[in-house]
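Listed below, chain by chain, are the residues.
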Amino acid sequence: MTRTTRVCRALALLLITALAAVACGKPGSPPVKGPAQDKLPMFEVNKDFELPDSPTWRRAKERGYFVVGAKEDQPYLGEKDPASGQYTGFDIEIAKMVSAYLGLDPNRIQFKTIASANRETALQNGQIDYYVGTYTINDNRKKLVGFAGPYYMAGQSLLVRADEENIKGPQDLAGKRVCSASGSTPYQRIQEKFPEAILVAYDTYSVCVDNLLTYQVDAVTTDDAILIGFAAKLPDELKVVGEPFSEEPYGIGVPRHDNALRNAINDALEHGEKNGYWKQAYDATLGLSGVPAPTPPPIDRYPAS
Ligand code: GLU
């Protein structure tokens, strides 16, 4: 055998091994359970829809598509594929459902990743038209932005390493390093109600999870919907513990004074909840983390102020 043949054979073997690893997954690695494209709902576009009273809608109509703020690192909720740049997840489907109802092609949405701490500013300065990304509706935020919804009810919970035995609820956090995202409601709640915990903040929960896996922190805290997704992807390494200890109603953030847009998005949510779109979206995304579809919470059409 010549040297070239030997090198070629070695390369061929390497290539086969690499292909097999891609096709079959590494032995022992968790199953890749991303949303299947063919299971996602097909949202029918409302062709004759008009919303002249909404400056945000008029701008988007002129552009031909919506610019939507989202998360890119939350399993089954809002995830961006680094190779294709595609976003998937429950929040992404909700954003598409809304776009279709408002008469614009859901497949043309331009998604922009916006971290928890930057959502209000992004809506205030017109960087995005609306925001769908595990965004809790509360009175403080309502002073800065408007909220359609809620379209889902989450609750604050704790994620720890699978072999952790001492942390079973927020009462066990004294002296422990607990990670959450800056500008989030779970961060604030730990600060106010569990001041003996040592709080560590990053921009995103995925960085918190990396810190948990490398023993830099002892727990990650945020909404159960987010944590269950991380645990479902690494079931041998992570677990969610205890009962949820807050209510986090997820809303769609809109510019503060665009009440026409807020009302129309509430109509879109109600329509999707009635005709099955909401459940199809849930089953094809967040449902994959193992929790059956709940009944969505009632929509809160609070008066304009
Ligand atoms: N729902 C909570 C919040 O809006 C936590 C999740 C998040 O940071 O997006 O603050």
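Residues numbered from 1 in each chain as written. Predicted model: local features only at pLDDT ≥ 70, side-chain atom pairs only at ≥ 80, totals over all residues. Heavy atoms only, no water.

Chemist: Lay out the site of the ligand in plain terms, naming residues and giving numbers.
Modeler: Neighbouring the ligand are 17 residues, the closest being Lys71, Ser116, Thr136, Tyr205 and Asp223. At a separation of 2.6 Å, an oxygen atom of the ligand approaches a polar side-chain atom of Tyr205. A distance of 2.6 Å separates a nitrogen atom of the ligand from a polar side-chain atom of Asp223. Within the complex, the protein chains bury 100% of what would otherwise be the 280 Å² of accessible surface of the ligand. Put simply, the parts of the chain that give the shell around the ligand at least two residues each are α6 (185-193), β11 (219-223) and β13 (248-255). The residue makeup of the shell around the ligand, split by class, is 5 nonpolar, 7 polar and 5 charged. (Near = heavy atom within 4 Å. Polar contact = N/O pair within 3.5 Å; in protein donor to acceptor, adjacent residues only side chain to side chain. Areas by Shrake-Rupley, 256 points an atom, 1.4 Å probe, with all protein chains shown as cover. Helix = DSSP H or I, 4+ residues; strand = E, 2+ residues; numbered from the N terminus. Nonpolar A, V, L, I, M, F, W, Y, C, P; charged D, E, K, R; others polar.)

Chemist: Account for empty space enclosed by the protein, naming residues and giving values.
Modeler: As enumerated under the stated definition, the model contains 1 cavity of 30 Å³ or more in all. When its volume is computed, the largest cavity comes out at roughly 60 Å³. Residue lining of the largest cavity: 14 residues in total, with Arg119, Thr134, Pro186, Tyr205 and Asp223 positioned closest to the centre. Those elements giving two or more residues to the lining of the largest cavity turn out to be α6 and β11. (1 Å grid on protein atoms, 1.4 Å probe; cavity = no way out; pocket = protein on both sides within 12 Å on 5 of 7 lines; lining within 4 Å. Points joined across faces, edges and corners; volume = space filled by probe spheres on them.)

Chemist: Could you give me a rundown of the layout of surface pockets, with the residues and numbers involved?
Modeler: Estimates place the volume of the largest pocket at around 280 Å³. Taken together, 15 residues line the largest pocket, and the ones lying closest to its centre are Gly85, Gln86, Tyr87, Lys96 and Phe111. For the lining of the largest pocket, the secondary-structure elements that each account for two or more residues are β4 (87-88) and α3 (90-101). Class assignment of the residues belonging to the lining of the largest pocket gives a composition of 6 nonpolar, 6 polar and 3 charged. One number sums up the size of the second largest pocket: a volume of about 210 Å³. The wall of the second largest pocket is formed by Gln37, Leu40, Pro41, Met42, Phe43, Val45, Glu93, Lys96, Asp105, Pro106 and Asn107. Each residue belonging to the lining of the second largest pocket can be placed in one class, and the counts come to 6 nonpolar, 2 polar and 3 charged.

Chemist: Go over the packing of α3 against helix α10 (residues 277-284), please, and point to the residues and values.
Modeler: Closest axis-to-axis distance for the α3/α10 pair is 9 Å, and the angle between their directions is 155 degrees. Taken together, the axes of α3 and α10 are roughly antiparallel relative to one another. For α3 against α10, the interelement crossing comes out right-handed. Only Tyr277, Trp278, Ala281 and Tyr282 of α10 make contact with α3, whose side of the interface consists of Phe90, Glu93, Ile94 and Met97. (Axes fitted to C-alpha atoms, helices over the stretch in contact; angles between N-to-C directions. Parallel < 35°, antiparallel > 145°, perpendicular 65-115°, else oblique. Left-handed = near helix turned anticlockwise from the far one by under 90°. Contact = heavy atoms within 4.5 Å.)

Chemist: Explain the side chain of Thr134 to me, and be specific about the residues and the numbers.
Modeler: Position of Thr134 relative to the elements: it lies in the loop between β6 (130-131) and α5 (139-142). A distance of 3.2 Å separates a polar atom in the side chain of Thr134 from a polar atom in the side chain of Gln74.

Chemist: Could you give an account of the sheet that holds β4, naming the residues involved and the relevant values?
Modeler: The 3 strands lie next to each other as β2-β3-β4, forming an open sheet whose pairing is antiparallel. A single partner strand is all that each edge strand has here, and the edge strands are β2 (73-74) and β4. Pairing geometry for β2 and strand β3 (residues 78-80), over 2 bridges, is antiparallel. Bridge pairing in β3 places Gln74 opposite Gly78. (Pairing = 2+ DSSP bridges.)

Chemist: Before we move on, can you summarise the packing of aromatic side chains with the specific residues and values?
Modeler: Here the structure, examined in full by the defined rule, presents 16 aromatic pairs. Centre to centre, the rings of Phe90 and Trp278 are 5.6 Å apart; their planes meet at 90 degrees, and the pair counts as edge-to-face. Within this pair, whereas Phe90 is found in helix α3, its partner Trp278 is found in helix α10, the two being separated by 188 residues in sequence. Given a relative accessible area of 3%, Trp278 falls into the buried group. (Phe/Tyr/Trp six-rings, centres within 6.5 Å; stacked < 30°, edge-to-face > 60°. Buried < 20%, exposed > 50% of the residue type's maximum accessible area, 1.4 Å probe, protein only.)

Chemist: Summarise the side chain of Arg161; cite the residues concerned and give the values.
Modeler: Turning to its location among the elements, Arg161 is positioned in strand β8 (residues 156-161). Among all residues touching Arg161, those that are not within four sequence positions of it are Leu212, Tyr215, Val217, Asp218, Glu237 and Lys239.

Chemist: Run through the sheet that holds β11, naming residues and quoting values.
Modeler: Here we have 5 strands laid out as an open sheet, ordered β10-β9-β11-β8-β12, and mixed in their pairing. Two strands in the sheet have a free side with no partner beyond their single neighbour: β10 (198-202) and β12 (238-241). Between one strand axis and the next, the sheet turns through 30 degrees on average, direction left out of account. Pairing geometry for β8 and β11, over 4 bridges, is antiparallel. In the strand pairing of β11, Gln156 is matched with Asp223. Relative to β11, helix α7 (residues 205-213) is tilted by about 155 degrees, and along the sheet it contacts β8, β9 (177-181), β10, β11 and β12.

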